[in-house]
Structure formats: structure tokens, C-alpha cells
Amino acid sequence: MRQVTILGATGSIGLSTLDVIQRHPDRFRVFALTACRQVDAMLELCRLHRPKYAVMADEPSAARLAKDLPADWGIEVLGGPGGLVQVASAPECDTVMAAIVGAAGLESTLAAVRAGKRVLLANKEALVMSGKLFMDAVVDSGAELLPIDSEHNAIFQCLPPHQVRNFSGAGVRRVLLTASGGPFRRTAADALADVSPEQACAHPNWSMGQKISVDSATLMNKGLELIEACWLFNTQPKQIEVHVHPESIIHSMVEYVDGSVLAQLGSPDMRTPIANGLAWPERIDSGVAPLDLFALGRFNFERPDLQRFPCLRLAAEAFDQGGTSPAVLNAANEEAVAAFLRRELRFTDIPVIIESVMDALPAVGADSFDIIFEKDGESRALALEQIRRHAVSVSGLG
Ligand code: NAD
Ligand code: MG
């Protein structure tokens, strides 16, 4: 019986994880659930899943939850970042779903890694920020890191199990990383300045949290995934080629030196990679409907347009610069996306802000997590300053 902690339980990935778990009461037990501020959603999840712990990252929300939870449910409430770390590393738990969005998830994800858990990694930002330090921590603790991001889970499934970090040994020539292209794949460059948060969040194939939806629309999501793939599979961007595949059925492919190309296909539903990670190396029912290839008819592929979507180029540059650059890129992106969602920034200003913050904060060696957190903070402060300057000129935005 696996005892599972879900970091970010009230989010899109968290809820999909609980959906898979409740199909297999013989295999999984919910040990702890965490969220930030959604007390009512957490209360309902506690009623359904009866975890041992419920954690609210926001302390006042933890106090509210403690007051509202019926005492006879026997659930212990914890608050603040310390609570997240405690349930991510608790000895009674063996599996941690890391599904907090953004840099806010790094500390607790890392706690799970350092405690040697099976870590199901959805929170790509944690790995993008800290790269080598994160992967070193995985090796040092013997944690079992399994990729949940659909593309990375697909690549993982297409690689020989014992050579996922040894492309030359496995005979891999390159990875074909697929991308949906987002909601603005066909939008003219001059129309992008006026797109709204609602349009950006209306993803054609996937239903996801707001931040990753905007990242998909700017192609920053693919940029973060390029960096994520380099760290997970111990490779370089030149071995990874992004293929826009608007149907989102092929979740990525691995090409071998003999010309074979292995692909993983499935409906665009995160319960498939989640079930794969939870049960690995076994297979369990995820609740995902089988593919109907006759109904789909055809698959399409195109090259990404780096002119209209400069975020993909910026992410590749950040990885090439190395050191603290990916952390700076990630933090500036988080602030720019949040400002866009608040209607304080145009869609097309997102890459402008990120690029100028990257220019102002050149890479230094990422020798410790302290440096990563320091650069994350500096990048956010600079991004906010620039957003305020840009905001004046977009006060007319609907
Ligand atoms: P979401 O916005 O739906 O949920 C985020 C969760 O994190 C919520 O439970 C929220 O309470 C919690 N959270 C937010 N801020 C927090 C903070 N400061 N401290 C503690 N907890 C906090 O996000 P999502 O779409 O589920 O994405 C989660 C992660 O998974 C992201 O890193 C995303 O890139 C990745 N991912 C998501 C999908 C998807 O289909 N949604 C696919 C691949 C990867
Ligand atoms: Mg993905």
C-alpha cells in the first residue's frame, strides 16, 4: 500500500491524481493533502479522502481550516512552508506528487527528494530553477524521480528503463518534443498584443491551471520543458527538437540511431502519466478513455514560430547561459504571467520583460540553493519594477 502526499492537491494535477488514487483503494492511501488558500476545496477533499494531514501554505487559511474541520475526522492541520516540508518528508509517506505551481513548490519538492521518496514531478519550475543541484540531490538520496509532465513521461516510456540518463548507451539520436502550439498558433503577430487572459487560458486540448495555460500560449511552457528534459534525461538542447503537433495525441518521441522512432500516444488527459508514475513499473487503469484513431483521422506537424513566440528562444538561451539564468528566466516569467492575468501587462510584453530581466542579471554559478533563491528574488523585484513601467502604457487594456 503506497502512502501518498499530494503537494498542490486542489489544483488541476492534484485533482487528477486523487481521481486515479480513488480508483485503486487497494493500492494507495492518501497520507497528506496540501493547498495554499482554498480552504473550502480542501475541506471537501478532506471529507472525501480522509488524509492524516491537511496543510495550508497560507497560515491564516490553516487556522480557518482547523476551525472548520470536524474533530471526529481525525485530521491534523498544519500551516506554512514548514508544514509542506513535514508532510513531504514524513517517514510514513513513500510517494509524493509534486504539483504546486511555480517556484513556491521547490522547497517541499526538494524535501521529498532529500528524504528519498518516490517523487512524481509535475512542478517543472522546481527543476528548471535548480537544475544540477536538484538532480544531484536525487542521486545523493536515492529518490525515485518519475516525470509526470506528459511529454517527459512519454519520453521516459520510450526509453529503456535502465538508460533514461544515458542516451549514447541507449542508442538515442534525438528527442522529438511535441507541443500543441497553444490557442494562438494561428493568430497573426500584430493581433497578439490584444489577446485577453481568457483567450490565453482557453487551451484547445488540455484543461490546466492558469499559469501553465498562459505558458502554453507563449510557448514558455515548451521552453521550460526543453530545460526540464535536458536535466531529467542528461542531454543537451541540440538533441531535442520541438515539433508542433496541434492534436496533442503524440506526447513526444524518441529517435534511435537505427532510424526507429518510438512514440507514446494517448488522449490529452494527465491521468495517464499520473497513473504511470503512481504504479510504475506496473500499469493500472487511469479512467482515461481509449484513443479512437479512426475518429482522429490524421496527425499534423509544424515547426515552432520563434518570431511570434520568443519565449521558447529565451528559455533555450537561459539553459545555454547556465548557472542562475534558468532561475532568473523562471521568476521573471512567473511575475510577467501573473501581471498579464491581472490585466496589467500585454501578452506580447511577457517576453520583453523576461528578456530585459535576463539582460540585467547575467548568469553566475548556481553553487547553492541559497544563490538560486537570491536570484529568484532579484529577478522578481526587477520584473515587478518593469511591469509597473509597462502598465502605464497599457491602462487601456480590457
Ligand atoms: P493549479 O494552479 O491548478 O494548482 C496549483 C496548486 O498549487 C494548488 O493546489 C494551489 O493551492 C497550490 N499552490 C499555489 N501557490 C502555492 C504556494 N505559494 N504555496 C503552496 N501551494 C501553492 O496548477 P496545475 O495546472 O495543477 O499545475 C501544477 C504544476 O504541474 C505546475 O508546475 C505545472 O507546470 C505542472 N503541470 C501541469 C499540467 C496540467 O495539465 N495542469 C501538466 C504538466 C505539468
Ligand atoms: Mg507538458
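All values derive from a computational prediction rather than experimental measurement.

Once that is clear, we can look at the overall build of the protein chain. Each helix and strand in the protein chain was counted, giving 17 helices and 11 strands. For a compact globule of 398 residues, the expected C-alpha radius of gyration is about 21 Å, and the protein chain comes in at 20 Å, within 12% of that figure. Out of the 398 residues belonging to the protein chain, those deemed buried represent 48%. A fraction of 69% describes how many contacts in the protein chain between residues 6 or more apart in sequence connect residues 24 or more apart.

Taken together, seven strands build an open sheet; the order of strands is E4-E3-E2-E1-E5-E6-E7 and the sheet is parallel. The sheet is open, and its two edges are formed by strand E4 (76-79) and strand E7 (144-147), each paired on a single side. The average angle at which neighbouring strand axes cross in this sheet is 20°, direction not considered. Pairing analysis gives four bridges linking strand E3 (residues 53-56) to E4, with the strands arranged parallel. The residue bridging Tyr53 from the neighbouring strand is Glu76, located in E4.

Turning our eyes to something else, we now look at the UniProt feature "domain: 1-deoxy-D-xylulose 5-phosphate reductoisomerase N-terminal" (unreviewed entry) in the protein chain. When the UniProt feature table is mapped onto this chain, "domain: 1-deoxy-D-xylulose 5-phosphate reductoisomerase N-terminal" (unreviewed entry) is found at residues 4-131. Helix makes up 46% of residues 4-131 and strand 22%, and the two end C-alpha atoms of the span are 25 Å apart.

The full set close to ligand 1 counts 25 residues, and Gly8, Gly11, Ala104, Met208 and Gly209 are the nearest of them. Of all the elements in the fold, those that place two or more residues in the shell around ligand 1 are helix H1 (12-22) and helix H6 (124-141). Among the elements that line the shell around ligand 1, the one with the most residues is H1, at three residues. Residues of the shell around ligand 1, tallied by class, amount to 14 nonpolar, eight polar and three charged.

Judged by pairing direction, the sheet is mixed, and its four strands sit side by side in the order E9-E8-E10-E11 without closing on themselves. Only two strands of the sheet have a single neighbouring strand rather than two, namely strand E9 (240-244) and strand E11 (261-265). Put simply, the sheet's adjacent strands are angled 20° from each other on average, direction ignored. As defined by bridge partners, strand E8 (residues 172-179) adjoins strand E10 (residues 250-256) across four bridges and the pair is classed as antiparallel. Note on E10: the bridge partner recorded for Val172 is Tyr256. Packed on one face of the sheet, helix H11 (residues 220-233) meets E8 and E9 and runs near 155° to E8.

Turning our eyes to something else, we now look at the UniProt feature "domain: DXP reductoisomerase C-terminal" (unreviewed entry) in the protein chain. Under the UniProt annotation, "domain: DXP reductoisomerase C-terminal" (unreviewed entry) lies at residues 265-381. Strand forms 1% of residues 265-381 and helix 57%; the C-alpha atoms that close the span are 41 Å apart.

Turning our attention to the domain arrangement of the protein chain. Here the protein chain is described as being made up of domain 1 (2-148), domain 2 (155-216 + 232-296) and domain 3 (322-393). On a C-alpha basis, the centres of domain 2 and domain 3 stand 26 Å from each other. Contact residues are listed per partner, giving nine residues for domain 2 and seven residues for domain 3. In terms of residue count, the dominant contributor to the side of domain 2 that touches domain 3 is helix H10 (residues 210-218) (four residues). Classifying every residue of the side of domain 2 that touches domain 3 gives six nonpolar, one polar and two charged.

Here we take up the nonpolar core. Judged by nonpolar contacts, the single largest core of 122 residues is most densely connected at Ala98, Leu120, Ala315, Ala332, Ala336 and Ile354. Excluding anything up to four places from it in sequence, Ile354 contacts Cys311, Leu314, Leu329, Ala332, Asn333 and Ala336.

Once that is clear, we can look at the environment of Leu306. Position of Leu306 among the secondary structure elements: in the loop between helix H13 (293-296) and helix H14 (310-321). The sequence separation of Leu306 and Leu219 amounts to 87 residues, and the corresponding C-alpha distance is 9.0 Å. Not counting residues up to four positions away in its chain, the partners in contact with Leu306 are Leu312 and Arg313.

What follows deals with the packing of helix H7 (residues 150-158) against H11. Pairs of packed helices are described in terms of their axes, by the angle between the two and the distance that separates them. Close contact between H7 and H11 brings their axes to 10 Å; oriented N to C, the two are set at 30°. Both H7 and H11 take part in a crossing whose hand is right-handed. Between H7, through Glu151, His152 and Ile155, and H11, the contact on the second element is made entirely by Glu225, Glu228, Ala229, Leu232 and Phe233. Across the contact of H7 with H11, the residue classes tally to four nonpolar, one polar and three charged.

What counts and what doesn't
Residues numbered from 1 in each chain as written. Chains lettered and ligands numbered in written order. Predicted model: local features only at pLDDT ≥ 70, side-chain atom pairs only at ≥ 80, totals over all residues. Helix = DSSP H or I, 4+ residues; strand = E, 2+ residues; numbered from the N terminus. Rg over C-alpha atoms; globule rule 2.2 N^0.38 Å. Buried ≥ 20, exposed ≤ 12 C-beta atoms within 10 Å, placed from the backbone. Contact = placed C-beta atoms within 7 Å. Pairing = 2+ DSSP bridges. Axes fitted to C-alpha atoms, helices over the stretch in contact; angles between N-to-C directions. UniProt positions renumbered as here; feature names shortened; annotations may be inferred. Near = placed C-beta within 6 Å. Nonpolar A, V, L, I, M, F, W, Y, C, P; charged D, E, K, R; others polar. Domains from an automatic or database assignment. Core = buried A, V, L, I, M, F, W, Y, C linked by C-beta atoms within 7 Å. Left-handed = near helix turned anticlockwise from the far one by under 90°.

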